[in-house]
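Examination of the molecular architecture
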Amino acid sequence: MEEKRDYYTEAQKRATYAFREKNRDAYNAYQRAYHAERMRTDIDYRNRKAKQSIEANRRARERKEANKIASLIIQKEKNTDKLTSSLNADIITTM
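Cut-off values and rules
- Residues numbered from 1 in each chain as written.
- Predicted model: local features only at pLDDT ≥ 70, side-chain atom pairs only at ≥ 80, totals over all residues.
- Heavy atoms only, no water.
- Phe/Tyr/Trp six-rings, centres within 6.5 Å; stacked < 30°, edge-to-face > 60°.
- Helix = DSSP H or I, 4+ residues; strand = E, 2+ residues; numbered from the N terminus.
- Buried < 20%, exposed > 50% of the residue type's maximum accessible area, 1.4 Å probe, protein only.

Turning to the packing of aromatic side chains, a few remarks are in order. Tallying each qualifying case throughout the model produces 2 aromatic pairs. The interplanar angle of 40° and the centroid separation of 5.7 Å between the aromatic rings of Tyr-27 and Tyr-30 together place this pair among those described as tilted. Residue Tyr-27 and its partner Tyr-30 are both found in helix α2 (residues 24-41); the two are separated by 3 residues, about one turn of the helix. Tyr-30 sits in the partly exposed class, given a relative accessible area of 47%. Consider the rings of Tyr-30 and Tyr-34, whose centres lie 6.2 Å apart with planes at 25°: the pair is stacked. A residue pair is termed a helical-turn pair when its members lie 3 or 4 positions apart in one helix, as Tyr-30 and Tyr-34 do in helix α2 at 4 residues. Members of the aromatic cluster, joined through ring pairs, are Tyr-27, Tyr-30 and Tyr-34.

Okay, here's the thing in structure tokens:
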């Protein structure tokens, strides 16, 4: 596999990143306008973004379900520990 060629010098990259940092609001407005224009005119871009959105939503649902299951398991373990400690306390007091 060929190495990706980089046509910008380090100084050009630093200058670009410095400009973006100083003009963050203007650059964000530029990015929003660019995205809106691409969504309006480029069907491939729109389809790619729709697929990415669907995939991101699927992953978010899976994470949410995993967190829900994990919290249920933790809660069951806490309840089991309370019951076990309660039983142990009862056994100790009856002896």
